Amino acid sequence: MRVLKFGGTSVGSAERMHALVDIINDNVPKIVVLSAMSGTTNNLVEISNALYAKDTAKAKQLIDTMYNKYKEVVKQLYKTEKEQTKGNQLIDSHFDYLRDFIKDVFTVNDERAILAQGELLSTALFHYYLEEAGVDSVLLPALNFMRIDENEEPDMKYIETHIQLELDKYPNCKLFITQGYICRNEFGDIDNLKRGGSDYTGTIIGAAIRSDEIQIWTDIDGMHNNDPRVVDKTYPIAELSFDEAAELAYFGAKILHPTCILPAQMRNIPVRLLNTMQPQAKGTLISSKATEDIFKAVAAKDGITAIKIKSVRMLLAYGFLRSVFEIFERYKTPIDMITTSEVSVSLTIDNVKNLDAIVTELQEFCSVEVNTDQTIVCVVGNFTAEQQGYAVRILEALKNIPIHMISYGGSENNVSVLIDSKLKKDALIALNKGLF
Ligand code: ADP
Ligand code: ASP
Ligand code: MG
């Protein structure tokens, strides 16, 4: 059984949904994971923000605008009266549900329930379209099997058992449709896998059913060697190892959710990145096979905060790093990049929710300097200890960019540097010129 995930643009209009049928209707057994239609999750975030701010008028207006957009989709999606009626009833019920949240208190759980509406809508609308087109399919409710645990990690045991229970109900079905992104949490409440999380749903399901291949269909012909939104003349990479793809995803290549490679890597299931606008393009194959190019690609992660910590105690004090890391652990704040010297350590975080509390605790035994608006630029490739000259080429390319931190050695696939965010574009262009 294959898993095919289609992103927001791939289901972004009635026309795109029509085009999907050609890709999925080939009798190969598969589970199709869909995102919300493009723009929808952003709209739902805006609605939630208006509700948090108690701006009822704005929330109403946003819901109305979105409702009209979906009315138009229904009009264009179906030919028959029967499916038009079903489509309209479906969106009426989802938008009535959204309107019910216009009330006094708006909670985090309400927000999560609102954010789930996009994928519930896209999958149900598409399922009706398949019905109209005479293609047999079953809509699997992701909320019946996708679950995260108390650490917000996928609960793989639960997912494996429960997706199998769902699949076993339809022994003759070859085409299943399900929602990306949405799940339940440890309390059984509706939750999600964070923005871009449909990729993660795809690989989690792929791992859970031990799929032979996971395909991620999007609006570009595979992973490019640099961010195509920032740099001209980027090109698709034919093959990446799991480690390389995971580093690129984690360090900002938006085409993949930051942690979505792991489930596929754990079960050694190849992941193919493909383009719905150009289904014949080769795309990118991600697998356990090592590749040889020295430089593979560059990615950048914005919204980074750097914290420079200097021990006020004497040189060689042991236990210093432990005391520092304990604080970050207590505040459940992951550290991305780290460099150390004898009495000081610089590190970066992207979750600043508890920054003030962390800094206050650090200041009890350290001097602390905080720099915001930083970007990690990550160069991915084969940088084994035997490989010579790569560091010079990276630094030579970046010779006009002030560098705040450099990190190599944690992995043989990645050299990362920390720079001011305002210099990101210059850095990516310089690396494109210097390395590829
Ligand atoms: P989807 O909605 O299908 O999940 P996304 O917008 O999340 O699609 O991801 C695809 C987009 O990622 C591309 O349109 C491209 O602009 C952006 N992107 C950023 N970095 C890269 C990269 N290195 N290679 C390919 N695409 C990238
Ligand atoms: N719809 C969600 C988002 O926009 C999940 C996804 O598209 O992957 O973040
Ligand atoms: Mg995405």
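Here the structure is shown first, and the text comes after it.
A brief look at the structure comes next. (Residues numbered from 1 in each chain as written. Chains lettered and ligands numbered in written order. Predicted model: local features only at pLDDT ≥ 70, side-chain atom pairs only at ≥ 80, totals over all residues. Heavy atoms only, no water.)

1. Topic: the side chain of Thr276
The condition is simple: The helix and strand labels rest on DSSP assignments: H or I over at least four residues marks a helix, E over at least two residues marks a strand, and numbering proceeds from the N terminus. Under the scheme applied here, a residue whose accessible area is under 20% of the maximum for its type counts as buried, over 50% as exposed, and between as partly exposed, the area being computed with a 1.4 Å probe on protein chains only. In the analysis that follows, any N or O atom pair within 3.5 Å is treated as a polar contact, provided that within protein one partner can donate a hydrogen and the other can accept it, and provided that, for residues neighboring in sequence, both atoms belong to side chains. Any two residues whose heavy atoms approach within 4.5 Å are treated as being in contact.
Within the fold, Thr276 resides in the loop between strand 9 (271-275) and strand 10 (284-287). A relative accessible area of 4% means that Thr276 is categorised as buried. Here Ser10 takes part through its side chain, which lies 2.9 Å from a polar atom of the side chain of Thr276. In this structure the side chain of Thr276 is engaged in a polar contact, spanning 2.9 Å, whose partner is the backbone oxygen of Thr218. If sequence neighbours within four positions are ignored, Thr276 has contacts with Phe6, Ser10, Arg16, Leu20, Ile23, Trp217 and Thr218.

2. With respect to the site of ligand 1
Which entries qualify depends on this criterion: The rule for a residue being near a molecule or strand is that one of its heavy atoms must lie within 4 Å of it. Throughout, the Shrake-Rupley method with a 1.4 Å probe supplies accessible areas, and for residues the shown protein chains are the sole cover considered. Residues are sorted three ways: Asp, Glu, Lys and Arg are charged, Ala, Val, Leu, Ile, Met, Phe, Trp, Tyr, Cys and Pro are nonpolar, and all the rest, Gly among them, are polar.
Near ligand 1, the surroundings consist of 15 residues, among which Lys5, Thr218, Asp219, His224 and Lys254 are the closest. Residue Asp219 places a side-chain N or O atom 2.8 Å away from an oxygen atom belonging to ligand 1. Burial of ligand 1 by the surrounding chains reaches 86%, relative to a free accessible area of 570 Å². Here the residues of the shell around ligand 1 sort into four nonpolar, six polar and five charged.

3. Description of the site of ligand 2
Near ligand 2, the surroundings consist of Ser35, Ala36, Thr41, Glu119, Tyr181, Arg195, Gly196, Gly197 and Ser198. Between ligand 2 and the protein, one listed contact pairs a nitrogen atom with a side-chain N or O atom of Thr41 at 2.7 Å. Take Gly197: an N or O atom from its main chain is 3.4 Å from an oxygen atom of ligand 2. A total of 260 Å² of accessible area belongs to ligand 2 in isolation, and the protein chains cover 86% of it. By residue class, the composition of the shell around ligand 2 is two nonpolar, five polar and two charged.

4. Digging into the sheet that holds strand 11 (residues 295-311)
Threshold: Paired strands, in this sense, are two strands between which DSSP finds at least two bridges. Only C-alpha atoms enter the line fits that serve as axes; for helices the fit covers just the stretch in contact. Angles between N-to-C directions range over 0 to 180 degrees.
One open sheet accounts for six strands, arranged 12-13-11-14-16-15; its pairing is antiparallel. Lying at the two open borders of the sheet, with one neighbouring strand each, are strand 12 (338-340) and strand 15 (405-408). Sheet twist, expressed as the mean angle between neighbouring strand axes with direction ignored, is 25°. Bridge count between strand 11 and strand 14 (residues 366-381): 13 bridges; the pairing is antiparallel. Bridge pairing in strand 14 places Ser311 opposite Cys366.

5. Looking at the environment of Tyr158
Tracing the sequence through the fold places Tyr158 in helix 7 (residues 156-168). Residue classification places Tyr158 among the partly exposed positions, given a relative accessible area of 24%. As a C-alpha pair, Tyr158 and Met146 span twelve residues in sequence and 8.0 Å in three-dimensional space. Beyond its immediate sequence surroundings of up to four residues, Tyr158 is in contact with Asn144, Phe145 and Arg147.

6. Considerations on helix 7
As a reminder of what qualifies: Expected span of a helix, by definition, is 1.5 Å for each gap between consecutive residues, and there is one gap fewer than residues. Summarising the geometry, the arc corresponds to the directions from the helix axis toward the C-beta atoms.
Between the first and last C-alpha of helix 7 there are 18 Å, a value that for 13 residues agrees with the 18 Å anticipated at 1.5 Å per step. Those residues of helix 7 lying buried are Met156, Ile159, Ile163, Glu166 and Leu167. Angular distribution of buried residues about the axis of helix 7 spans 95°; they occupy a single face of the element. Buried residues along helix 7 sit against strand 2 (30-34), strand 3 (138-140), strand 4 (175-179) and helix 8 (198-208).

7. Quick look at the state of the cysteines
Which entries qualify depends on this criterion: By convention in this document, the label disulfide applies to cysteine sulfur atom pairs within 2.5 Å.
Counted by the stated rule, this structure contains zero disulfides. Here Cys183 is not cross-linked by a disulfide; its sulfur's nearest cysteine counterpart is in Cys260, at 15 Å. You can see Cys260 has no disulfide; the closest cysteine sulfur is in Cys378, sitting 15 Å from it. By relative accessible area, which is 0% here, Cys260 ends up buried.

8. Here's the deal with unusual backbone geometry
Phi is positive for Lys54, close to 55°, though the residue is something other than glycine. Inspection of the secondary structure puts Lys54 in the loop between helix 2 (40-52) and helix 3 (56-77). Given a relative accessible area of 60%, Lys54 falls into the exposed group.

9. Let's talk about the packing of aromatic side chains
The geometry of an aromatic ring pair comes down to the distance between the two centres and the angle between the two planes. Defined as follows: Classification of ring pairs rests on two measures: the distance between centres of Phe, Tyr or Trp rings, Trp counted by its six-membered ring, which must be within 6.5 Å, and the angle between planes, read as stacked under 30 degrees, edge-to-face over 60 and tilted in between. Any Lys NZ or Arg CZ that is within 6 Å of a ring centre and within 35 degrees of that ring's normal is treated as a charge sitting over the ring.
Counted under the stated rule, the structure contains twelve aromatic pairs. Measuring from ring centre to ring centre gives 5.7 Å for Phe6 and Trp217, while their planes differ by 20°; the resulting arrangement is stacked. With Phe6 in strand 1 (residues 2-6) and Trp217 in strand 7 (residues 214-218), this pair connects stretches of sequence that are 211 residues apart. For the pair Phe6 and Trp217, a shared accessibility class is recorded, and that class is buried. One Lys or Arg, Arg99, reaches over the ring of Tyr67 and ends 5.3 Å from the middle of that ring. Seen from the ring of Tyr158, Arg147 lies directly overhead, with NZ or CZ sitting 4.1 Å from the centre.

10. Structural notes on the nonpolar core
Nonpolar side chains tend to gather and get buried jointly when the protein is soluble and globular. The following threshold applies: Residues belong to one nonpolar core when they are buried, are Ala, Val, Leu, Ile, Met, Phe, Trp, Tyr or Cys, and are joined through side-chain atoms within 4.5 Å.
Formed by 106 residues in total, the largest nonpolar core has its most connected members in Phe6, Phe95, Phe126, Met146, Met223, Leu256 and Ile286. Broken down by element, this core gets its largest block of residues, nine residues, from helix 3. Once residues lying within four places of it in the same chain are set aside, the contact partners of Phe126 are Met17, Leu20, Val21, Ile24, Leu34 and Ile177. Val379, Tyr390, Ile401 and Leu431 belong to the second-largest nonpolar core, a separate cluster that totals 21 residues.

11. Points about the packing of helix 5 (residues 108-115) against helix 6 (residues 117-132)
Rules: Every angle not falling under 35 degrees, over 145, or within 65 to 115 is termed oblique; those three ranges are roughly parallel, roughly antiparallel and roughly perpendicular.
Close contact between helix 5 and helix 6 brings their axes to 4 Å; oriented N to C, the two are set at 20°. Judged on the interaxial angle alone, helix 6 and helix 5 are roughly parallel. The residues of helix 6 that touch helix 5, namely those facing Ala113, Ile114 and Leu115, are Gln117, Gly118 and Glu119. Its residues assigned to classes, the contact of helix 5 with helix 6 shows three nonpolar, two polar and one charged.

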